[in-house]
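Inside the fold
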Amino acid sequence: MAKGFYTDTTACIGCKACQVACHQWNNIPAEDGGRRDLTGDSYDNTGRLSALDWRHVKFIEQFPDDRQQDGFLKGSRWLMMSDTCKHCVQAPCLEVCPTGAIIRTEFDSVFIQQDVCNGCRACVSACPFGVVDTGPDGKAHKCTLCYDRLQHGQEPACAQACPTDSIRFGDVDELMTYADQRVANLRAQGVDAYVYGKEDILGGLNSFYVLVDKPNVYGLPENPQMASANVAEGFAISTVAAAAVAVTGIAAFRKHRMDEIAAAESPAPTPEPPANESSDA
Amino acid sequence: MPNAPHWGWFIILYFFIGGIAAGLYFIGTLALLGGDPRDRPVTRFCYLATFPLVLACGFLLTIDLGKPLRFWHMLIQSERIPLPMLKYWAPMSLGSWVLGIFAIFSGVAFLGALIDSGRVTAERATRLVAWGRARPRAIKLTWSLIGISFALFFGGYTGVLLVGTNVPLWHNAQLLGAVFLLSAASTAYALLVLVLRRRDDRESMVSLRKLETADRWIIALELLAIVIMLVTLGSFARPLITGGFGVLFWIGVVGIGLLFPLLLPSLRSGTLSRRPTLGATCVLAGGLLLRFVVIMAPQWPNIALWKL
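Everything numeric in this text was worked out from a predicted model, so none of it was measured. (Residues numbered from 1 in each chain as written. Chains lettered and ligands numbered in written order. Predicted model: local features only at pLDDT ≥ 70, side-chain atom pairs only at ≥ 80, totals over all residues.)

To continue, consider the overall build of chain B. In terms of regular secondary structure, chain B is built from 12 helices and 0 strands. Across chain B, helices and strands are ordered from the amino to the carboxyl terminus as α-α-α-α-α-α-α-α-α-α-α-α. Against the compact-globule benchmark of 19 Å for 308 residues, chain B has a radius of gyration of 20 Å, which places it among compact chains. With the C-alpha coordinates aligned to their principal axes, the bounding extent of chain B is approximately 65 × 55 × 30 Å. Residues classed as buried in chain B amount to 53% of the 308 residues present. Look at the contacts in chain B between residues 6 or more apart in sequence, and 73% of them connect residues 24 or more apart. (Helix = DSSP H or I, 4+ residues; strand = E, 2+ residues; numbered from the N terminus. Rg over C-alpha atoms; globule rule 2.2 N^0.38 Å. Buried ≥ 20, exposed ≤ 12 C-beta atoms within 10 Å, placed from the backbone. Contact = placed C-beta atoms within 7 Å.)

So, on to the overall build of chain A. Along the backbone of chain A there are 7 helices and 10 strands. For chain A, whose C-alpha radius of gyration is 28 Å, the value lies well above the compact-globule estimate of 19 Å for 281 residues. Dimensions along the principal axes, computed over C-alpha positions, put chain A at roughly 95 × 55 × 40 Å. Expressed as a percentage of the 281 residues in chain A, the buried residues total 43%. For chain A, restricting intrachain contacts to residue pairs at least 6 apart in sequence, the fraction spanning at least 24 positions comes to 62%.

Between B:Ile81 and B:Pro82 the backbone carries a cis peptide bond, its omega angle lying at 5°. Take B:Pro82: it is sitting in the loop between α2 (40–64) and α3 (91–116). In this chain, B:Trp300 is followed by B:Pro301 through a cis amide linkage whose omega measures 10°. For A:Asp108, which is not glycine, the phi torsion reads 65° and is therefore positive. Topologically, A:Asp108 is positioned in the loop between β4 (102–104) and β5 (110–112). With a phi angle near 50°, A:Leu202 is a residue other than glycine that sits in the positive phi range.

All names here are of chain A. Taken together, the 4 strands give an open sheet; going across it, the order is β8-β1-β10-β9, and neighbouring strands pair in mixed fashion. Each edge of the open sheet is held by one strand with a lone partner, namely β8 (167–171) and β9 (194–196). For this sheet, the mean inter-axis angle between neighbouring strands, taken without regard to orientation, is 25°. Relative to strand β10 (residues 207–211), strand β1 (residues 3–8) is paired through 4 bridges, and the arrangement is parallel. The residue bridging Tyr6 from the neighbouring strand is Phe208, located in β10. (Pairing = 2+ DSSP bridges. Axes fitted to C-alpha atoms, helices over the stretch in contact; angles between N-to-C directions.)

Okay, the environment of B:Leu75 next. Here B:Leu75 lies in the loop between α2 and α3. Sequence separation between B:Leu75 and B:Thr242 is 167 residues; the distance between their C-alpha atoms is 39 Å.

Parts of the prediction with low pLDDT should not have their coordinates interpreted in detail. Chain-level pLDDT for chain A is 90 on average; 91% of the residues reach the 70-or-more range. This stretch, residues 275–281 of chain A, has a pLDDT under 50; its non-local contacts, to residues over four places away or in other chains, come to 14 contacts. (pLDDT = per-residue confidence, 0-100.)

Taken together, the contacts link 62 residues of chain B with 51 residues of chain A. Only α1 (9–34), α3, α5 (137–163), α7 (176–199) and α8 (202–233) of chain B provide two or more residues apiece to the side of chain B that touches chain A. Counting residues per element, the side of chain B that touches chain A draws most heavily on α8(B), which supplies 11 residues.

This brings us to the domain arrangement of chain A. Segmentation of chain A into domains returns domain 1 (3–225) and domain 2 (231–280). For domain 1 of chain A versus domain 2 of chain A, the distance between C-alpha centres works out to 57 Å. (Domains from an automatic or database assignment.)

All names here are of chain B. Overall, the predicted model of chain B reaches an average pLDDT of 93, with 98% of residues at or above 70. The weakest mean pLDDT in chain B belongs to helix α11 (residues 270–273) at 60; the strongest belongs to helix α6 (residues 168–171) at 97. Two summary scores accompany this predicted model of the complex, namely pTM at 0.92 and ipTM at 0.94.

Let us now look at the packing of helix α7 (residues 231–265) of chain A against α5(B). Two quantities define a packed helix pair, namely the angle between the axes and the distance from one axis to the other. The geometry of α7(A) relative to α5(B) is characterised by a closest axis approach of 9 Å and an angle of 150° between their N-to-C directions. Between α7(A) and α5(B), the crossing angle belongs to the class labelled roughly antiparallel. In this structure, α7(A) meets α5(B) at a crossing whose hand is right-handed. Seen from α7(A), the contacting residues are A:Val231, A:Gly234, A:Phe235, A:Ser238, A:Ala241, A:Ala242 and A:Val245; seen from α5(B), they are B:Leu152, B:Gly156, B:Gly159, B:Val160 and B:Val163. When grouped by side-chain class, the residues that make up the contact of α7(A) with α5(B) number 8 nonpolar, 4 polar and no charged. (Parallel < 35°, antiparallel > 145°, perpendicular 65-115°, else oblique. Left-handed = near helix turned anticlockwise from the far one by under 90°. Nonpolar A, V, L, I, M, F, W, Y, C, P; charged D, E, K, R; others polar.)

What follows concerns α7(B). Residues and elements named next belong to chain B. In a regular helix each residue adds 1.5 Å, so 24 residues correspond to 34 Å; α7 covers 35 Å between its end C-alpha atoms and thus fits that length. Of all 24 residues making up α7, 19 are buried, and the element is well covered by its neighbours. Phi turns positive one or two residues past the end of α7, at Asp200, with a value near 55°. (Expected span 1.5 Å × (residues − 1).)

What follows concerns the packing of α1(B) against α7(B). All names here are of chain B. Axis separation between α1 and α7 bottoms out at 7 Å; the angle between their running directions is 70°. Classified by the angle their axes make, α1 and α7 are roughly perpendicular. Residues Phe15, Gly19, Ile20, Ala22, Gly23, Leu24, Phe26 and Ile27 of α1 lie in contact with α7, whose contacting residues are Phe180, Ser183, Ala184, Ala185, Thr187, Ala188, Tyr189, Leu191 and Leu192. A per-class count over the contact of α1 with α7 returns 13 nonpolar, 4 polar and no charged.

Quick look at the structure:
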């Protein structure tokens, strides 16, 4: 049975307990020993998901240019979202990993085996969500869905720490049913909510979200693709180019031979051109 | 949007040197099969140069890894030794194997060229090469054609490797493999032109004319491929064609690296025509710059421009 996260962004209060729990359980140090500058972007202090931040709470402030218009803060909202690895059903990072370091576990999560990864960074460039990153140790890192805790029947640290149940852990099918109900409730209240991460996105995301604005507002891609989506076409076009290289090479050598034969058969022999003028051949 | 993979100068140089190695092997074999006896020095130089360049490629790839001592994980399943590790749908995995196989082909050619040039006289090596040359022509031809196939794959796969990512500029540039392959051939021709110009003997001049003709045709094709790539990329091309990288791309890659060498023979300017190596030098510089801007543009500013 696939396990995963259901993250209800409407319930997130931006407390970052998930970030702290993730760092504590997985023993991840703070970047630069915690001496980093504030981002200046609302309450966001880590900026992005990285090898040292497997959870990242995003703060999206939406205020009209004229805050006084139609009453102070009317029409304004503050979106918060705890982002992490999506543990995609069709995972681009797993697809491209040339060492087999990235595997799918018995919980259907996507896991990087640290003793196999050699730091080639193929997975970093393949993840459309900007999740995977290389750490100071040269290896790729990301959320493990607390694989070690799952093996002992515990839920991931972030889900356990979340005080509002914005992050829920469980069987993906059950979580999706719950998310659909939540979306229906929100829509009944006039909120334009939807689930991001159904089958239309990389075969489904085992870590999916209830959002109330377009995906790109949350920094999520509208239509993420498998990294290899264009590879076959790329190889096919390269094959045509290879044929062109071969044909031009053969033609250039043949042309010269034909020119020599023509010159030899010519009734009025022309003198051999000086060597240093041959560049316009 | 993916995080920057931090592919820097080791990868830029790998793409550049690998392209030249692939091009040299192709030209060397072409001169062997389709040339005349006056082209033998070309073949010898190509074969002597390719193998060391391929070894350099392996070295650059290895030191670029976060864990260089685990380079063999690309080829062998580290938990199930000695089962091979191959994902034919992943260009990086496929490329690792092709690099290894191409090293065998270029190594054999290197050995033959060493013996031809009299630099190796070991009896066992001489006997081995003599045995190979005594094979029927059909077998030697098949061997050469397979070698050329691996060379051309190696020259172009680096572009497809970038297509096999989710970085928008790379992912949507399906022609990148073709552009890199044409650039590989072009830079190899240019390198040979430089070498032959230095020799400046009558035989070299005969080969030179063929190589310069081929290079001009390839440069024209590369320009065409770049135009089609930019048109199909649309707005995804923005990091490549605007800003500082845009200046480098338009002036450095397209202007100096392609258009100038293409039009140089037609220019009858006295100063320029007295510098016969200028065009080839520009082609080589343009080839390196092409890889620099293509690799760096979408990663910047999340990567230092001097990142190794």
